[in-house]
Amino acid sequence: MKKNILSLVALAIIAVSCSTSQKATKVADVVVYKNSITPAELSKHLYIVADDNMEGRNTGEPGQKRAGEYLINEYKKNGISFPPGATDFYQKVPSEFMKRGFAPKLNDSENIWTFIEGSEKPQEIIVISAHYDHVGMKNGEVFNGADDDGSGTVALLEIAQAFKKAKDDGFGPKRSILFLHVTGEEHGLHGSRFYSENPLFPIENTVVDINIDMIRRRDTLHPKTNNYVYVIGSDRLSSELHTITEEVNAKYTQLELDYKYNDRKDPERIYFRSDHYNFAKKGIPAIFFFNGIHADYHLSSDTPDKIEYDALAKRTQLAFVLAWELANRPERIKVDRDGK
Ligand SMILES: [Zn+2]
């Protein structure tokens, strides 16, 4: 309650300052932009990205490319372009790079990148990543991958839109933000590994990777509520990343942060199983948001009609407020841990 009243007051101040004086300094209210991320918007995108027409978005296949075109068009509609130094929205990931043992050869594929330039420290980069590939089709059946990782894919779209809205209002992030839709995750984290070995911006200028992979469901360990998210990796390289995540969550989203899979002895080894790990390997502080394994995991039943869009919105909002804080705080977060 209190926070809502405060934000209304802040809005009123902005409104007054706009109408009465050209010189008055406006104050950015992160809550306004956080609230632009809604279950309805996320659901609209997810029904398209995880539609049968995308044929399960298998790496290098036409269905994945169609999903990629949808994403790019959405960015264009919002006036968000590819990063400086790139010639288009794609970072090509060659088939050869993704070759692994006796596994069937994958076709050439692409990471997709978009960018919002920082106003004060544009050379410092916040990466927000999610994989847009899934496992394709088996015996004519589409594996829609609505949660894995349609959820992270559409989260990136909405986070980018919220930052753009803020920028258009004069509150652009101080550091730059790279939105990275990586490919080839399901076949071995290929796209993120390719980016980390062929980065567009120097690794030493890359402040953090916020990775989102599966955030719109609940697992069997949380039967009564979806108001939680697993947080993995936040304390391995930067103690600040960990504390800041807790602070912004307490202030803006009030999710239960569950560290079960951050246990160094986690038998599932979740920490090593998504794209943030390729950033952590390079010494970049990385955090991974995840909802846990559920009954539809990697099955054709991972479809967009399964409810819990409220959870998707709230977890997306947490990633957004975290990115906002990391992009705008005076000093970049420091690496003070050894990664273990
Ligand atoms: Zn995944």
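See the structure shown above.
Residues numbered from 1 in each chain as written. Predicted model: local features only at pLDDT ≥ 70, side-chain atom pairs only at ≥ 80, totals over all residues. Heavy atoms only, no water.

(A) Main features of empty space enclosed by the protein. All told, the structure shown has one cavity of 30 Å³ or more when counted by the stated rule. Quantified by volume, the largest cavity comes out at close to 40 Å³. Around the largest cavity, the lining residues are His45, Glu74, Tyr75, Asn78, Ile80, Leu157, Glu158, Ala160 and Gln161. Those elements that place two or more of their residues in the lining of the largest cavity are α4 (62-77) and α5 (146-168). The leading source of residues in the lining of the largest cavity is α5, at four residues. (1 Å grid on protein atoms, 1.4 Å probe; cavity = no way out; pocket = protein on both sides within 12 Å on 5 of 7 lines; lining within 4 Å. Points joined across faces, edges and corners; volume = space filled by probe spheres on them. Helix = DSSP H or I, 4+ residues; strand = E, 2+ residues; numbered from the N terminus.)

(B) Quick peek at the packing of aromatic side chains. Across all of its chains, the model carries 19 aromatic pairs by this definition. Here the aromatic rings of Tyr33 and Phe171 are separated by 6.5 Å at their centres, their planes lie at 65 degrees, and the arrangement is edge-to-face. Residue Tyr33 is located in helix α2 (residues 30-34), and its partner Phe171 is located in the loop between α5 and β6 (175-182); the two are separated by 138 residues in the primary sequence. Residues Tyr33 and Phe171 agree in their burial class; the two are buried. (Phe/Tyr/Trp six-rings, centres within 6.5 Å; stacked < 30°, edge-to-face > 60°. Buried < 20%, exposed > 50% of the residue type's maximum accessible area, 1.4 Å probe, protein only.)

(C) Seen up close, the coordination of the zinc ion. Within the protein, the zinc ion binds to His131 (NE2), Asp148 (OD), Asp213 (OD) and Asp213 (OD); these donor distances fall in the range 2.0 to 2.6 Å. Around the zinc ion sit four donor atoms, and with donor-metal-donor angles ranging over 52 to 148 degrees the site reads as irregular. Each donor residue of the zinc ion belongs to the same chain, and together they define the spacing H-x16-D-x64-D. Of this pair, His131 sits in strand β3 (residues 121-131) while Asp213 sits in the loop between β7 (206-212) and β8 (228-232), and the two are 82 residues apart along the sequence. (Donors = N, O, S within 2.8 Å, 3.2 Å for Na, K, Ca; no water. Tetrahedral: all angles 85-135°; square planar, octahedral: opposite > 155°, others 65-115°.)

(D) Geometry of the nonpolar core. With 61 residues, the main nonpolar core has Ile128, Phe179, Ile210, Phe289 and Phe320 as its most contacted residues. Broken down by element, this core gets its largest block of residues, twelve residues, from helix α9 (residues 309-328). Apart from residues lying up to four places away in sequence, Ile128 is in contact with Leu156, Ile159, Ile177, Leu178, Phe179, Leu180, Asp209, Ile210, Ile212 and Ala323. (Core = buried A, V, L, I, M, F, W, Y, C linked by side-chain atoms within 4.5 Å. Contact = heavy atoms within 4.5 Å.)

(E) Representation of the pattern of salt bridges in the model. Taken as a whole and judged by the stated rule, the model has 14 salt bridges. Arg66 is paired through a salt bridge with Glu55; the nearest N and O atoms lie 3.3 Å apart. Placement of the pair is Arg66 in helix α4 and Glu55 in the loop between α3 (39-49) and α4, with a sequence separation of eleven residues. We classify Arg66 as partly exposed; its relative accessible area is 29%. (Salt bridge = Lys/Arg side-chain N within 4 Å of Asp/Glu carboxyl O.)

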